Amino acid sequence: MAFRTIRSLIFRSNIKSIFPATTRVPCRTFHRSIPYSSGGIVQHRDTPENNDDTPFEWTEESKSRIETILKKFPKNRKKSGIIHCLFVAQEQNDNWLPLNAMKKVAKLLDVPPMQVYEVATFYTMFNRNPAGKYHIQYCGTTPCQICGSEAIKEAMLNYMGVHEGEVTEDGYFSLTEVECLGACVNAPMVQVNNQEVYENLTPESAVKLLKDFKEGNPMKVGPQNDQINCQGPLGRTTLLDDELPEPVCRDLDALKKEIDDEQKQAQDS
Ligand code: FES
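So, here's what we can say about the structure. (Residues numbered from 1 in each chain as written. Predicted model: local features only at pLDDT ≥ 70, side-chain atom pairs only at ≥ 80, totals over all residues. Heavy atoms only, no water.)

**Side note on the overall build of the protein chain**
This is how the line gets drawn: A helix here means a DSSP run of H or I that spans at least four residues, while a strand means a run of E at least two residues long, and both kinds are numbered starting from the N terminus. Burial classes follow relative accessibility: with a 1.4 Å probe on protein chains only, a residue under 20% of its type's maximum area counts as buried, one over 50% as exposed, and anything between as partly exposed. A contact between two residues is defined here by any heavy atoms of the two lying within 4.5 Å. Residue burial considers only the protein chains on display, and all accessible areas are found by Shrake-Rupley using a 1.4 Å probe.
Across its full length, the protein chain holds nine helices and five strands. In the protein chain, the succession of α and β elements from N to C terminus is α-α-α-α-α-β-α-α-β-β-β-α-β-α. Scored against the burial criterion, the 269 residues of the protein chain give a buried share of 33%. Here the contacts in the protein chain between residues at least 6 apart in sequence split such that 66% fall between residues at least 24 apart. Accessible area for the protein chain stands at about 18000 Å²; split by element, carbon and sulfur atoms hold 55% of it.

So, in structure tokens, the structure goes:
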């Protein structure tokens, strides 16, 4: 018998000895697999809207953005720009990456397509299926879940009238679960289109958020209650110095020159 099964039996028998047979065992699923992650299944499966014939061509604007991006990388390290190029492709293509967009990125960076697929399937910021104009990623990790992310998800999905991973009929919204988005102190929270985050949500404020998006109302990013940034009830208690030290930046050009000079000296001697 598999170790997991044995462990589960031991766990259940202990629980039953604590709670009588008529008592409902007070267990809840704290975390469960989600039906759709932002990228769906890891492998590509042809669908009517995403297959080898789905067109994707770079626009002039994207080409110029990519040109600027690639200047930041050494010529022999172009593949370091995979994430950046995928972002450009996704933004150009209504918030999702068709198969041919990934192939174009691979061709552009001169890498095997598999290397691009690996990146696109790993990171939840890439959508490999059509997404809504406002793609909501709600954080389902422990701090957010303890603070009510499940209720927020339910409220949002009820308002949208779709299931997780689906796009609303009007094309405005889609919603998926992601792991910690780094704002646990302001849990629960969501991120929209990989950019703005909305924190300290309640089911009501989460639905209001969707309505505001749809109606084009001015939005307040960050905490949706009275909290200021991530300050606690005592207000700001750290980093109170007015003059913070400058960040340390290395002068890479000077460093390179120093190394070159040293090498030259070594060769001459
Ligand atoms: S757990 Fe939700 S932001 Fe960290």
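**Some remarks on helix H9 (residues 252-268)**
Keep this limit in mind: Every helix has an expected span of 1.5 Å times one less than the residues it contains. Pairs of N or O atoms within 3.5 Å make up the polar contacts considered here, provided that, within protein, one atom can donate a hydrogen while the other can accept it, and that residues adjacent in sequence are counted only when both atoms are side-chain atoms.
The end-to-end C-alpha distance of H9, which contains 17 residues, comes to 24 Å, matching closely the 24 Å that a straight helix rising 1.5 Å per residue would cover. Where H9 begins, the side chain of aspartate 251 points an oxygen toward the backbone nitrogen of aspartate 253, at a separation of 3.2 Å.

**A look at unusual backbone geometry**
Cis geometry marks the peptide bond from alanine 187 to proline 188; its omega dihedral reads -5°. Structurally, the position occupied by proline 188 is in the loop between strand E2 (173-178) and strand E3 (190-192). At leucine 239, a position not held by glycine, the phi torsion is positive, near 50°. Note that leucine 239 resides in the loop between strand E5 (222-223) and H9.

**Regarding the pattern of salt bridges**
Basically, it comes down to this: Whenever a carboxyl oxygen of Asp or Glu lies within 4 Å of a side-chain nitrogen of Lys or Arg, that contact is scored as a salt bridge.
One pass over the structure, following the stated rule, counts 11 salt bridges. A salt bridge links lysine 103 to aspartate 52, with the nearest nitrogen and oxygen atoms 2.5 Å apart. Linking lysine 103 in helix H4 (residues 99-109) with aspartate 52 in the loop between helix H1 (3-18) and helix H2 (60-70), this pair joins segments that are 51 residues apart in sequence. You can call lysine 103 partly exposed: its relative accessible area is 29%. The class of aspartate 52 is partly exposed, set by a relative accessible area of 46%. A salt bridge links lysine 208 to aspartate 212, with the shortest nitrogen-to-oxygen separation between them at 2.8 Å. Of this pair, lysine 208 and aspartate 212 are both found in helix H8 (residues 203-215), four residues apart, which corresponds to roughly one turn of the helix. What you see here is one network of salt bridges that share partners, running through Glu150, Lys153 and Glu164.

**Re the environment of proline 188**
Note on proline 188: relative accessible area 4%, which makes it buried. A sequence separation of 36 residues divides proline 188 from isoleucine 152, and the C-alpha atoms of the two residues are 8.2 Å apart. The residues touching proline 188, leaving out its near neighbours within four places in the chain, are Cys144, Cys147, Gly148, Ser149, Ile152, Tyr198, Glu199, Asn200 and Leu201.

**With respect to the packing of helix H3 (residues 82-92) against helix H5 (residues 113-122)**
Formally: For helices, the axis comes from a line fit to the C-alpha atoms of the stretch in contact; other axes are also lines fit to C-alpha atoms, and the angle between any two N-to-C directions lies between 0 and 180 degrees. Convention used here: angles under 35 degrees read as roughly parallel, angles over 145 as roughly antiparallel, angles from 65 to 115 as roughly perpendicular, and any remaining angle as oblique. Basically, the charged four are Asp, Glu, Lys and Arg, the nonpolar ten are Ala, Val, Leu, Ile, Met, Phe, Trp, Tyr, Cys and Pro, and anything else, Gly included, counts as polar.
In contact at an axis separation of 10 Å, H3 and H5 are set at 70° when each is read in the N-to-C sense. Classified by the angle their axes make, H3 and H5 are roughly perpendicular. In contact with Ile82, Ile83 and Leu86 of H3, H5 contributes Gln115, Val116, Val119 and Ala120. Residue composition of the contact of H3 with H5, grouped by class: six nonpolar, one polar and no charged.

**As for H8**
One turn of an α-helix holds 3.6 residues; hence residues three or four places apart share an orientation. The terminal C-alpha atoms of H8, which comprises 13 residues, lie 19 Å apart, in line with the 18 Å expected from a rise of 1.5 Å per residue. Along H8, the residues classified as buried are Ser205, Ala206, Val207, Leu209, Leu210, Asp212 and Phe213. Packing partners of the buried residues in H8 comprise strand E1 (134-139), helix H7 (149-160), E2, E3 and strand E4 (196-199). Glycine 216 occupies a position one or two residues after H8 and carries a positive phi of about 70°.

**Some remarks on the sheet that holds E2**
Cut-off, in case you're wondering: Only strands joined by at least two bridges in the DSSP assignment are considered to pair.
A sheet is described by the order of its strands in space; here five strands give the open sequence E2-E1-E3-E4-E5, paired in mixed fashion. Across the chains shown, the open sheet's two edge strands, defined by having one partner strand only, are E2 and E5. Running at roughly 160° to E2, H7 makes contact with E1, E2 and E3 of the sheet. Packed on one face of the sheet, H8 meets E1, E2, E3 and E4 and runs near 140° to E2.

**What about the pairing of E4?**
How we decide: By definition, the crossover connecting two strands over a helix is right-handed if that path, from the first strand to the second, turns clockwise as seen with the strands pointing away from the viewer.
Sheet topology places E3 next to E4; three bridges connect them, and they run antiparallel. In the strand pairing of E4, valine 192 is matched with glutamate 196. The antiparallel hairpin formed by E3 and E4 contains three residues in its connecting segment, where asparagine 193 sits at a positive phi of about 50°. Looking at chain direction, E4 and E5 are connected through two bridges and run parallel. Opposite glutamate 199, over in E5, you have proline 223 as the bridge partner. The parallel pair E4 and E5 is bridged by H8, and the resulting crossover is left-handed.

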